[in-house]
Amino acid sequence: MERLDVSDGFDVHDYRHGLKLLKQDRGSMTLENRNDFACPACGERFDRLFVSENRTNSFGKPSNPICLVRTDEQVLVLTH
């Protein structure tokens with residue numbers, strides 16, 4: 001299972017072959033993991049990936065475990 005590499009930031013285009021865009025707005029996007037990519041935080045497979053360049057984001061109560069990853073320019077929230 002290929003782990004997302006965020007050592008130099010995260011570029012969705014590097015993983016476009018296995019991530020499906022579900023929603024996108026000005027500063028964020030939500031993607032579905034269709035290729036069994038592994039989470040950069042815990043190494044386990046994740047279901048959804050939220051990528052944001054916004055300073056603030058709000059979420060409801062997660063029903064599944066989540067991992068957070070911070071790059072220089074983005075926050076990644078991965079649901080398992």
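Residues numbered from 1 in each chain as written. Predicted model: local features only at pLDDT ≥ 70, side-chain atom pairs only at ≥ 80, totals over all residues. Heavy atoms only, no water.

Draft legend 1. Representation of the sheet that holds strand β1 (residues 19–24). With antiparallel pairing, the five strands of this open sheet are ordered in space as β1-β2-β3-β5-β4. For this open sheet the edge positions go to β1 and β4 (66–70), each flanked by a neighbour on one side alone. The average undirected angle you get between the axes of adjacent strands in this sheet is 20°. Alignment of β1 against strand β2 (residues 28–33), held across five bridges, turns out to be antiparallel. When the bridges of β2 are listed, Lys20 appears paired with Glu32. (Pairing = 2+ DSSP bridges. Helix = DSSP H or I, 4+ residues; strand = E, 2+ residues; numbered from the N terminus. Axes fitted to C-alpha atoms, helices over the stretch in contact; angles between N-to-C directions.)

Draft legend 2. A look at unusual backbone geometry. Phi angles above zero are rare outside glycine, and Asp36 is one such case at about 55°. Within the element layout of this structure, Asp36 appears in the loop between β2 and β3 (48–52).

Draft legend 3. The nonpolar core, seen in detail. Leu4, Phe10, Leu19, Phe46, Leu49, Leu76 and Leu78 are the most contacted members of the largest nonpolar core, which totals 17 residues. Secondary-structure elements contributing two or more residues to this core are β2, β3, β4 and β5 (75–79). (Core = buried A, V, L, I, M, F, W, Y, C linked by side-chain atoms within 4.5 Å. Buried < 20%, exposed > 50% of the residue type's maximum accessible area, 1.4 Å probe, protein only.)

Draft legend 4. Fine view of a negative patch on the surface. A cluster of like negative charges, contributed by Glu2, Asp5, Asp8, Asp11, Asp14, Glu53, Asp72 and Glu73, occupies part of the molecular surface. Structurally, Asp8 can be placed in the segment before β1. On the accessibility criterion, Asp8 (80% relative accessible area) is exposed. (Patch = residues over 30% accessible without salt bridge, like charges linked within 9 Å, V, L, I, M, F, W, Y side chains within 5 Å. Areas by Shrake-Rupley, 256 points an atom, 1.4 Å probe, with all protein chains shown as cover. Salt bridge = Lys/Arg side-chain N within 4 Å of Asp/Glu carboxyl O. Lys, Arg positive; Asp, Glu negative; His and termini not counted. Charge placed at Lys NZ, Arg CZ, Asp CG, Glu CD.)

Draft legend 5. Structural view of the layout of surface pockets. Taken as a whole, the largest pocket holds about 220 Å³ of empty space. Around the largest pocket sit Thr30, Arg48, Leu49, Phe50, Phe59, Gly60, Pro62, Ile66, Leu68, Val77 and Thr79, which together line it. At the level of secondary structure, the elements contributing two or more residues to the lining of the largest pocket comprise β3, β4 and β5. The element contributing the most residues to the lining of the largest pocket is β3, with three residues. (1 Å grid on protein atoms, 1.4 Å probe; cavity = no way out; pocket = protein on both sides within 12 Å on 5 of 7 lines; lining within 4 Å. Points joined across faces, edges and corners; volume = space filled by probe spheres on them.)

Draft legend 6. Structural context of the packing of aromatic side chains. The final tally for this structure, using the stated rule, is three aromatic pairs. With centroids separated by 5.8 Å and ring planes inclined at 5°, the aromatic side chains of Phe10 and Tyr15 adopt a geometry described as stacked. Across this residue pair, the class does not change: Phe10 and Tyr15 are buried. Taken together through their ring pairs, the aromatic side chains of Phe10, Tyr15 and Phe37 make up a single cluster. (Phe/Tyr/Trp six-rings, centres within 6.5 Å; stacked < 30°, edge-to-face > 60°.)

Draft legend 7. Summary view of the environment of Phe10. Relative to the helices and strands, Phe10 resides in the segment before β1. Along the primary structure Phe10 and Asn35 are separated by 25 residues, whereas in three dimensions their C-alpha atoms are 17 Å apart. When residues no more than four places from it in sequence are discounted, the contact partners of Phe10 are Leu4, Tyr15, Leu19, Leu49, Val51, Thr71, Gln74 and Leu76. (Contact = heavy atoms within 4.5 Å.)

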